[in-house]
Amino acid sequence: MKKKLLLICFTLIITSSLITGTLSTNIIQNNYKENLFTTGVSNGNLIKKFLKNNPGINKYFFKISQQLSNLIDSRITFIDINGKPLADSFDNSIIFKNFNDNIHFNIAKNGKNNYQITKSSEKRYETMEIFLSPIEINSKNIIIMISSEMSMFKEYKKNIFIAISLSILISGFLSFILSFLFLRRFINPINKLTKASEEMSNGNFSSNLIIQSHDEVEKLAKSFNKMNFKINELLTEINNKANDLQSIIDNIMQEIFVINKNGDIILINKFAKNEFYIENNIDNIYKSKKLKNFIKYISISLNENKNIKMEIEDNSKIYLLSTNFIENKIDQIIIIIEDISKIKKVEELRKNFISNASHELKTPLTIISGFIETIKLGHFKDTSQILYFIDIIDKEVVRFKALVEKILSLSRLENSLEEKASINRINTNLVFNEIVESFKISAAKKNIVIKSNFNSDIILGYFSHEWFRIIIGNLIDNAIKFNKNNGEITLSSYISENNLILKIKDTGIGMDNQILENIFIKFYRGDSSRNSKISGTGLGLSIVKTMLDNINGKIYVSSNLRQGSTFKLTIPFISKNN
Ligand code: ADP
């Protein structure tokens, strides 16, 4: 643009200078010729007058031509009517020349003054030869030719050339400065506008143009800035809305995708990205290998323009896939994939729990009603047998009560799984020994020795004396129940980092792998427990596990059949206070 303008400027200046120069040269040349011709003619008329007044002078043509030539500073040639030169003030050799064929001579002969321009033999300058109308001297017609060198004109031409060159130089210089100023004033703001528009097209709407040219360009820049500001404002609003939408769907704890008919992902939430490892470079759901099992059904929904809702098993999880076409946007679809594995598991557990609980509760009730029926029908031998039956009924009532109590406490525990108990101080050595003491009598019945070695610390945590009594109580109870006569139970505790480690080891019947896998399932009782009629509900270890889960504790079991079992508990506490 700059170059173009400069070129146009220079071309215009050079062309106008050349035209002016040529025109002025022509005008000057014409004027000069006219002047020279007029002067020549008036000089010629004077000469004619002089000759007329001196009729005998024709004998001295040569002398007179020389004298008159000196007076008018021009060459004078006298030519007779036949074109033969009679005398010349400059060079007598001219008398060998003949003008009869010269057109200008012939025009003069016919009475009209005229001239011709000739070049000198060396071509240094031009000469104007004026042929005057004939004059009669002594009844002879004579034509006077006055020749004047146009040396002055050559000088003029030279000066004009210098003037034109100078004017080109000066105007070139001036035009350069003017163009520079023009560019600064007009082109620079336009350049700024162009740059800002380019930035705008690249998505940068923050540039603010400052142009103070006090003209249309400034107005344009101002409206450009306004437009930029508006677009920026709109974009920020759109971005904020998009961010709001993104953060809303990110906080929905389901996997959400919004896709178009081609499967291009328009919106995706955090959970969907994490669950199906959708990297940022995956922009189409068909590219995701993790969604392979879902894509088949999504395609069906898309092809048939129908919302679907179905359970899909994938990677040992159960998902609920639902597709929803967005209203007014037939080509966009919201896909919600929900991991319902936990819900399914809970549902299954609940079903099992109900069937197990009703079964477990039915057993003592059947026994009790059976014996009451026997007594009512009088199917007994004597009073001692009635007492025996009542004793059984009593035992079953106790078992029934224990079962109901455990079910209730388990349900209470599960309902309060999320809320933490209050913080309590526990003197481990003191509390644990007190619990152990309460089991000494039942252990003694099987001649079991209880050995204990507890750390002596005061710890603060989300547990209580009662909490420990239930946990340790259940484990010691099992260690006694499933122990041999004359067996041994060893209890120990120590602190590792912010965990209290508790170990309960027995020398009992032990467990095989199959039992070990199931011992924390509600109502589960090992075969040996059922067959040997060891009392139990199958809920003790479930209660222990639930209570530990409640405070992020852990329980590990190692066992060898017929050799004994060891339960290791890791109980996190808040702080130690000695
Ligand atoms: P319960 O003791 O009422 O049967 P639990 O939940 O306490 O129920 O125990 C579940 C099962 O785990 C028991 O029936 C038993 O088979 C097995 N078990 C638990 N503790 C021991 C142990 N110390 N030694 C051997 N088996 C055990």
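Relevant structure appears above.
Computed from a prediction, not measured in an experiment: that's the story for all the values here. (Residues numbered from 1 in each chain as written. Predicted model: local features only at pLDDT ≥ 70, side-chain atom pairs only at ≥ 80, totals over all residues. Heavy atoms only, no water.)

Draft legend 1. Up close: the overall build of the chain. Looking only at helices and strands, the chain features 14 helices and 19 strands. For the chain, the C-alpha radius of gyration of 64 Å lies well beyond 25 Å, the compact-globule estimate for 578 residues. Overall, the chain is about 210 × 65 × 40 Å in size when its C-alpha atoms are taken along their principal axes. When burial is assessed residue by residue, the chain has 37% of its 578 residues classed as buried. (Helix = DSSP H or I, 4+ residues; strand = E, 2+ residues; numbered from the N terminus. Rg over C-alpha atoms; globule rule 2.2 N^0.38 Å. Buried < 20%, exposed > 50% of the residue type's maximum accessible area, 1.4 Å probe, protein only.)

Draft legend 2. Structural view of the side chain of Glu129. By the element assignment, Glu129 lies in strand S4 (residues 126–131). The charged side chain of Glu129 is buried without a salt bridge, its nearest counter-charge being Lys97 at 5.3 Å. Within the structure, Glu129 has its side chain in polar contact with the side chain of Gln116 (distance 2.6 Å). For Glu129, the side chain forms a polar contact with the side chain of Thr118, separated by 3.5 Å. Contacts of Glu129, omitting those with residues within four sequence positions, involve Asn114, Tyr115, Gln116, Thr118, Met145, Ile146 and Ser147. (Lys, Arg positive; Asp, Glu negative; His and termini not counted. Salt bridge = Lys/Arg side-chain N within 4 Å of Asp/Glu carboxyl O. Polar contact = N/O pair within 3.5 Å; in protein donor to acceptor, adjacent residues only side chain to side chain. Contact = heavy atoms within 4.5 Å.)

Draft legend 3. Highlighting the sheet that holds strand S12 (residues 424–427). If you walk across this open sheet you meet the three strands as S12-S14-S19, and the pairing is antiparallel. Looking at the sheet topology across the chains shown, the edges are occupied by S12 and strand S19 (575–576). Bridge analysis of S12 against strand S14 (residues 458–461) gives four bridges, and the strand direction is antiparallel. By the bridge assignment, Arg425 is partnered in S14 with Leu460. Lying on the sheet, helix H10 (residues 428–445) is in contact with S12 and S14; it crosses S12 at an angle near 75°. (Pairing = 2+ DSSP bridges. Axes fitted to C-alpha atoms, helices over the stretch in contact; angles between N-to-C directions.)

Draft legend 4. Broad picture of the packing of aromatic side chains. What the rule picks out here adds up to 15 aromatic pairs. Both rings, one in Phe294 and one in Tyr319, keep their centres 5.4 Å apart while their planes meet at 75°; by these two values the pair is edge-to-face. Of this pair, Phe294 sits in helix H7 (residues 292–304) while Tyr319 sits in strand S10 (residues 317–326), and the two are 25 residues apart along the sequence. Classification of Phe294 by relative accessible area gives buried; the value is 0%. Between the aromatic rings of Tyr388 and Phe389, the centroid separation amounts to 6.2 Å while the plane-to-plane angle is 50°, which identifies the pairing as tilted. Among the residues examined, Phe389 registers a relative accessible area of 8% and is labelled buried. One aromatic cluster is present, formed by Phe432, Phe454, Phe463, Trp467 and Phe468 through successive ring pairs. (Phe/Tyr/Trp six-rings, centres within 6.5 Å; stacked < 30°, edge-to-face > 60°.)

Draft legend 5. A look at the sheet that holds strand S15 (residues 488–496). Strand order in the open sheet formed by five strands is S13-S15-S16-S18-S17, and the pairing between neighbours is mixed. Taken across any chain shown, the strands that pair with only one partner, and hence form the sheet edges, are strand S13 (449–453) and strand S17 (554–560). For this sheet, the mean inter-axis angle between neighbouring strands, taken without regard to orientation, is 10°. Bridge analysis of S15 against strand S16 (residues 499–506) gives eight bridges, and the strand direction is antiparallel. Within the sheet, the bridge partner assigned to Ser496 lies in S16 and is Asn499. Where helix H14 (residues 540–550) meets the sheet, its contacts fall on S17 and strand S18 (564–572), and the angle it forms with S17 comes to roughly 145°.

Draft legend 6. Region of interest: the site of the ligand. Inspection of the region around the ligand gives 19 residues, with Asn478, Gly526, Thr537, Gly538 and Leu541 positioned closest. Take Lys481: an N or O atom from its side chain is 3.0 Å from an oxygen atom of the ligand. Take Gly538: an N or O atom from its main chain is 2.9 Å from an oxygen atom of the ligand. Protein chains shield 99% of the accessible area of the ligand, which is 530 Å² for the free molecule. Elements that contribute at least two residues to the shell around the ligand include exactly helix H11 (465–481), H14 and S18. Residue composition of the shell around the ligand, by class: seven nonpolar, nine polar and three charged. (Near = heavy atom within 4 Å. Areas by Shrake-Rupley, 256 points an atom, 1.4 Å probe, with all protein chains shown as cover. Nonpolar A, V, L, I, M, F, W, Y, C, P; charged D, E, K, R; others polar.)

Draft legend 7. Molecular detail of the environment of Ser179. Turning to its location among the elements, Ser179 is positioned in helix H4 (residues 151–201). On a C-alpha basis, the gap between Ser179 and Thr118 in space is 47 Å, while along the polypeptide they are 61 residues apart.

Draft legend 8. Expanded view of the pattern of salt bridges. Applying the stated criterion across every chain, the model contains 13 salt bridges. Residue Arg75 is joined to Asp88 by a salt bridge in which the shortest nitrogen-to-oxygen separation is 3.1 Å. Note that Arg75 is positioned in strand S1 (residues 75–80) and Asp88 in strand S2 (residues 85–88), a separation of 13 residues in sequence. On the basis of relative accessible area, Arg75 is assigned to the partly exposed category, the value being 24%. Arg399 is the salt-bridge partner of Glu396, the closest N and O atoms lying 3.7 Å from each other. One end of the pair is Glu396 and the other is Arg399, both in helix H9 (residues 383–415) and three residues apart, which spans about a single turn. Glu396 sits in the buried class, given a relative accessible area of 13%. We classify Arg399 as buried; its relative accessible area is 18%. One network of salt bridges, with partners in common, ties together Glu275, Lys317 and Asp339.

Draft legend 9. Spotlight on the pairing of S4. With five of six residues buried, S4 lies mostly within the body of the structure. Looking at chain direction, strand S3 (residues 114–119) and S4 are connected through six bridges and run antiparallel. In the sheet register, Asn114 faces S4, and the bridge partner there is Phe131. In this sheet, strand S6 (residues 140–149) lies alongside S4 in antiparallel orientation, the contact comprising five bridges. Looking at the pairing, Phe131 lines up with Met145 of S6.

Draft legend 10. Molecular detail of a nonpolar patch on the surface. A cluster of nonpolar side chains, Phe161, Ile162, Leu166, Leu169, Ile170, Phe173, Leu174, Phe176, Ile177, Leu178, Phe180 and Leu181, forms an exposed patch at the surface whose accessible area comes to about 1,200 Å². Inspection of the secondary structure puts Ile170 in helix H4. A relative accessible area of 48% places Ile170 in the partly exposed class. (Patch = residues over 30% accessible without salt bridge, like charges linked within 9 Å, V, L, I, M, F, W, Y side chains within 5 Å.)

Draft legend 11. A look at the nonpolar core. Judged by nonpolar contacts, the single largest core of 46 residues is most densely connected at Phe463, Trp467, Phe468, Leu491, Leu569 and Ile571. Only H9, H10, H11, S15, S16, H14 and S18 provide two or more residues apiece to this core. A per-element tally of this core places H11 first, with eight residues. Filtering out sequence-adjacent residues up to four positions away, Ile571 remains in contact with Phe463, Trp467, Phe468, Asn498, Asn499, Leu500, Leu548 and Ile551. Counting 24 residues, the second largest nonpolar core, distinct from the first, contains Phe37, Leu68, Phe78 and Ile130. (Core = buried A, V, L, I, M, F, W, Y, C linked by side-chain atoms within 4.5 Å.)

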